[in-house]
Amino acid sequence: MTLQTFPGDLAQSFSIIHRAFQRDTQPIYKALNLNVTNAYILLLLEQQGHTAKTN
């Protein structure tokens, strides 16, 4: 990207990458009986590990 790249161009690029990622991972999620939101939440919980505080 050049210095003349508009913020909208960058956002569009991220959007394209995100949609491609979802398209490529959807069969994996479906095989695990998950939707994208559930998979993201489980991934977040996994990344947090035991650092999350519980009462």
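Conventions used here
- Within each chain, residue numbers correspond to sequence positions counted from 1 in written order.
- Confidence filtering applies because this is a predicted model: local features only for residues at pLDDT of at least 70, side-chain atom pairs given and counted only at 80 or more, and all residues used for totals across whole chains, interfaces and linings.
- With hydrogens and water stripped out, all remaining heavy atoms of the structure feed into the side-chain values.
- Strands here are runs of E lasting at least two residues and helices are runs of H or I lasting at least four, both read from the DSSP assignment and numbered beginning at the N terminus.
- Think of it in three bands: residues with accessible area under 20% of the maximum for their type are buried, residues over 50% are exposed, and the middle band is partly exposed, with areas taken using a 1.4 Å probe on protein chains only.
- The contact criterion used throughout is that any non-hydrogen atoms of two residues lie within 4.5 Å.
- Should a side-chain nitrogen of Lys or Arg be within 4 Å of a carboxyl oxygen of Asp or Glu, the pair is scored as a salt bridge.

**Quick look at unusual backbone geometry**
A negative phi angle is the norm for most residues apart from glycine, just as the trans form is the norm for most peptide bonds. Positive phi, close to 60 degrees, is recorded for Asn33, a residue that is not glycine. Summarising the element assignment, Asn33 is placed in the loop between α1 (7-31) and α2 (36-48). Among the residues examined, Asn33 registers a relative accessible area of 69% and is labelled exposed.

**Regarding the environment of Phe21**
By secondary structure assignment, the location of Phe21 is in helix α1. Judged by relative accessible area, Phe21 falls into the partly exposed class, the value being 41%. When residues no more than four places from it in sequence are discounted, the contact partners of Phe21 are Tyr29 and Tyr40.

**Quick look at the pattern of salt bridges**
Applying the stated criterion to the full structure yields 1 salt bridge. Arg23 serves as the salt-bridge partner of Asp24, at 3.4 Å between the closest nitrogen and oxygen. By relative accessible area, Arg23 is classed as exposed at 55%.

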